[in-house]
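# Observations on the three-dimensional arrangement
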Amino acid sequence: QQPVQSPQAVILREGEDAVINCSSSKALYSVHWYRQKHGEAPVFLMILLKGGEQKGHDKISASFNEKKQQSSLYLTASQLSYSGTYFCGTGNSGSARQLTFGSGTQLTVLP
Amino acid sequence: DTAVSQTPKYLVTQMGNDKSIKCEQNLGHDTMYWYKQDSKKFLKIMFSYNNKELIINETVPNRFSPKSPDKAHLNLHINSLELGDSAVYFCASSLGQKNTEAFFGQGTRLTVV
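All of the points below concern the structure found in this document. (Residues numbered from 1 in each chain as written. Chains lettered and ligands numbered in written order. Predicted model: local features only at pLDDT ≥ 70, side-chain atom pairs only at ≥ 80, totals over all residues. Heavy atoms only, no water.)

### Some details on the overall build of chain A
On a plain count of helices and strands, chain A comes out with zero helices and 11 strands. Here the C-alpha atoms of chain A give a radius of gyration of 13 Å, agreeing with the 13 Å that 2.2 N^0.38 yields for 111 residues. Referenced to the eigenvectors of the C-alpha coordinate spread, the extents of chain A come out at roughly 40 × 25 × 20 Å. Put simply, 55% of the contacts in chain A that link residues at least 6 apart link residues at least 24 apart. Roughly 5,200 Å² of accessible area belongs to chain A as shown, and the carbon and sulfur atoms make up 46% of that amount. The average position of the 10 basic charges and that of the 7 acidic charges among the side chains of chain A differ by 9 Å. (Helix = DSSP H or I, 4+ residues; strand = E, 2+ residues; numbered from the N terminus. Rg over C-alpha atoms; globule rule 2.2 N^0.38 Å. Contact = heavy atoms within 4.5 Å. Areas by Shrake-Rupley, 256 points an atom, 1.4 Å probe, with all protein chains shown as cover. Lys, Arg positive; Asp, Glu negative; His and termini not counted. Charge placed at Lys NZ, Arg CZ, Asp CG, Glu CD.)

Here it is in structure tokens:
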């Protein structure tokens, strides 16, 4: 079943922070985050595994709460280049083979 | 060099036609995928191939058939195209192990008229 992402869209100014949430009704082993810019391919950001770990990537970090079956992506001090659609992919194993993607969150960063 | 390349980038065709989309990866990955992204941006997996063996087929109509001549290629053949097949199709690849990322091609925008 497809994970649910929220919000569907967010607009913010350069330098502001944003949080994107991803939740699943099924038990999760892993959560993958991807960003897709308009007209381009999705690009990998990070993978989180069960165990409640938190990972970081520049000013983009994420957490994974397996008990709540949720993951959150944190974008700090947003840059114009952060604009795009963010997808979470959830799986019941660590492999990308069994990913089910959410419907995406469209993030727009304005100057 | 492009890691995952797919051709063509754009494809416009009439209903009822048969078409193919090609995909090649030079990353040495052992698993390749086809995803369909519709107008609402839902990214849905269609197939994945691991070592030339189909391992996922997510309720895709049998008009769609993946063909993998070798580990580096996974082509998508579509018979009797319908209007609802219009979408962007992405090829991707990964190492078929845990904790690995998928690399996507640039997509093929298919328009059925």
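### Quick word on the interface of chain B and chain A
The accessible area lost on association of the parts is a frequent measure of interface size. Between chain B and chain A, the residue contacts involve 23 residues of the former and 21 residues of the latter. Taken over both partners, the interface formed by chain B and chain A buries close to 1,900 Å², and the fraction arising from carbon and sulfur atoms is 57%. In this structure, the connection of chain B to chain A is made through zero salt bridges. Along the contact surface separating chain B from chain A lie three residue pairs in polar contact (both at pLDDT 80 or more). (Buried area = accessible area lost by both parts, 1.4 Å probe. Salt bridge = Lys/Arg side-chain N within 4 Å of Asp/Glu carboxyl O. Polar contact = N/O pair within 3.5 Å; in protein donor to acceptor, adjacent residues only side chain to side chain.)

### Topic: the pairing of strand S3 (residues 18–23) of chain A
All names here are of chain A. Only one face of S3 is covered, namely the face carrying Ala18, Ile20 and Cys22; the face carrying Val19, Asn21 and Ser23 is uncovered. Inspection of the sheet shows strand S1 (residues 4–6) paired to S3 by three bridges, in the antiparallel sense. Looking across to S3, one finds that Val4 is bridged to Ser23. When S3 meets strand S8 (residues 70–75), the two strands line up antiparallel, connected through six bridges. (Buried < 20%, exposed > 50% of the residue type's maximum accessible area, 1.4 Å probe, protein only. Pairing = 2+ DSSP bridges.)

### Considering the sheet that holds strand S7 (residues 64–70) of chain B
Residues and elements named next belong to chain B. Here we have four strands laid out as an open sheet, ordered S1-S3-S8-S7, and antiparallel in their pairing. Looking along the sheet, the strands with just one partner apiece sit at the ends: strand S1 (4–7) and S7. On average, adjacent strands in this sheet sit at an angle of 20 degrees to one another, irrespective of strand direction. (Axes fitted to C-alpha atoms, helices over the stretch in contact; angles between N-to-C directions.)

### Structural notes on the state of the cysteines
Disulfides are covalent bonds that link the sulfur atoms of two cysteine residues. Residues and elements named next belong to chain A. Tallied over the entire structure, the rule returns two disulfides over all chains. Across the disulfide, Cys22 is cross-linked to Cys88 (sulfur-sulfur distance 2.0 Å). Residues Cys22 and Cys88 are joined by a disulfide whose S-S torsion is about 70 degrees; by sign, that bridge is right-handed. Here the residue Cys22 occupies a position in strand S3, and Cys88 occupies one in strand S9 (residues 84–91), the gap between them amounting to 66 residues. Taken as a pair, Cys22 and Cys88 share a single burial class, namely buried. (Disulfide = S-S within 2.5 Å.)

### Concerning the pairing of strand S4 (residues 30–36) of chain A
Residues and elements named next belong to chain A. Most of S4 sits inside the fold, with seven of its seven residues counted as buried. With burial as the criterion, each face of S4 is covered, one bearing Ser30, His32, Tyr34 and Gln36 and the other bearing Val31, Trp33 and Arg35. Examined bridge by bridge, S4 and strand S5 (residues 42–49) share seven bridges and lie antiparallel to one another. Its bridge partner lying in S5, Arg35 is registered against Val43.

### Side note on the packing of aromatic side chains
Within this structure, the stated rule accounts for nine aromatic pairs over all chains. The interplanar angle of 75 degrees and the centroid separation of 5.6 Å between the aromatic rings of Tyr34 of chain A and Phe101 of chain A together place this pair among those described as edge-to-face. Of the two residues, Tyr34 of chain A is situated in strand S4 and Phe101 of chain A in strand S10 (residues 100–101); the sequence distance between them amounts to 67 residues. Each member of the pair, Tyr34 of chain A together with Phe101 of chain A, is buried. Ring plane angle 40 degrees and centroid distance 5.3 Å describe the contact between Tyr35 of chain B and Phe104 of chain B, whose orientation is recorded as tilted. Here Tyr35 of chain B, found in strand S4 (residues 31–37), pairs with Phe104 of chain B, found in strand S10 (residues 103–104); they are 69 residues apart in sequence, far enough to count as distant. Since its relative accessible area comes to 8%, Phe104 of chain B is described here as buried. Ring pairs connect the aromatic residues Tyr34, Phe44, Phe87 and Phe101 of chain A together with Tyr33, Tyr35, Phe90 and Phe104 of chain B, which therefore count as one cluster. (Phe/Tyr/Trp six-rings, centres within 6.5 Å; stacked < 30°, edge-to-face > 60°.)

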